[in-house]
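# Breakdown of the fold
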Amino acid sequence: MWATGDSQAGAELIERHSVAVFRFLRNKVPEHAIDELSQVIFEACARGIESFREEASFRTYLYRIACNRIVDFYRKQHRAVSVVDIDVLTHSIEDLGAGPSTWLARREEQRILINALRRLPLQDQIVLELFYWEDMTAAEIGEVMNVVEPTVRGRLRAAKKRLAELYQETSAAGPRGEDTEQDVQSWLCDIRGQLAKS
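Residues numbered from 1 in each chain as written. Predicted model: local features only at pLDDT ≥ 70, side-chain atom pairs only at ≥ 80, totals over all residues. Heavy atoms only, no water.

### Some points on the overall build of the chain
What counts is decided by this rule: The numbering of helices and of strands both runs from the N terminus, where a helix is a DSSP run of H or I of at least 4 residues and a strand a run of E of at least 2. Relative accessible area decides the class of each residue, using a 1.4 Å probe on protein chains only: under 20% of the type maximum gives buried, over 50% gives exposed, and in between gives partly exposed. In this description, contact between two residues means that some pair of their heavy atoms is separated by no more than 4.5 Å. Areas reported as accessible are Shrake-Rupley estimates using a 1.4 Å probe. Residue values count occlusion only from the protein chains shown.
Of the regular secondary structure elements, the chain holds 8 helices and 0 strands. Reading the chain from its N end, one meets helices and strands in the order α-α-α-α-α-α-α-α. Looking at the 198 residues of the chain, the share that counts as buried comes to 45%. Expressed as a percentage of contacts within the chain between residues at least 6 apart in sequence, the contacts between residues at least 24 apart total 65%. Counting only carbon and sulfur atoms, one obtains 49% of the accessible surface of the chain, whose full area is about 10500 Å².

### Focus: the side chain of aspartate 124
Here is the rule: Charged-residue counts in this description rest on Lys and Arg as positive and Asp and Glu as negative, His and the chain ends being excluded. Each reported salt bridge corresponds to a side-chain nitrogen of Lys or Arg within 4 Å of a carboxyl oxygen of Asp or Glu.
Along the polypeptide, aspartate 124 turns up in helix 5 (residues 122-132). Arginine 155 provides the closest opposite charge to the buried, salt-bridge-free aspartate 124, at an N-O distance of 5.2 Å. Residues in contact with aspartate 124, not counting those within four places in the same chain, are Arg155 and Ala159.

### Examining the side chain of serine 38
Along the chain, serine 38 turns up in helix 2 (residues 34-47). For serine 38, a relative accessible area of 12% corresponds to the buried category. Excluding residues that lie within four positions of it along the chain, serine 38 makes contacts with Val21 and Leu25.

### A few points about the environment of arginine 157
With respect to the helices, strands and loops of the structure, arginine 157 is situated in helix 7 (residues 149-170). Take arginine 157: its relative accessible area is 57%, and that puts it in the exposed class. With 33 residues separating them in the primary sequence, arginine 157 and aspartate 124 have C-alpha atoms 9.9 Å apart.

### Brief notes about the pattern of salt bridges
Within the structure shown, the criterion is met by 9 salt bridges. Among the salt bridges present, the one from arginine 59 reaches glutamate 140, with a minimum N-O distance of 3.7 Å. With arginine 59 in helix 3 (residues 58-79) and glutamate 140 in helix 6 (residues 138-145), this residue pair connects regions lying 81 residues apart in the sequence. Owing to a relative accessible area of 25%, arginine 59 belongs among the partly exposed residues under this scheme. Residue class for glutamate 140 comes out partly exposed when judged on its relative accessible area of 23%. Between arginine 119 and glutamate 169 there is a salt bridge, with the nearest N and O atoms lying 3.4 Å from each other.

This is how it looks when you write it as structure tokens:
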């Protein structure tokens, strides 16, 4: 087992989770930074192995580190141009200057939806993507985000609503009203299937 110093087990864990980490980073950081940031995440996992608590799953441990490294990435970029520190999680990827998405969606509604995700506060984007694309429960997301489960459930509800609103603002021909939120959730699940094949 990796936690007891088995390097082969560590290599297998990295192999097993490397695609998921790439997928998680893909819509949150510039493409040129993904490989380097993936390496930083797995190095942080290895360095922190002694603090890994067995009551948490490796997956939630890994995503917590990934979230922290994304925040560090944007803080460093922001400090380079400003003396004021910001709370990265309350800003959107678009506000943080990540550039346009390199994601090639199959359908127009998916493209609009991905761009709308990038306009949400980063903490909401992460909550939605962990729920829909990584199939995590609210309790698991709470472990990743270091918040209690009811807070995650509240964020999920609010983020779904805001995402549907952003979709409506962007789409000239999109559905309106309550149907939008249901359609958005369905499209998020469709994108998950597409991500699994990429």
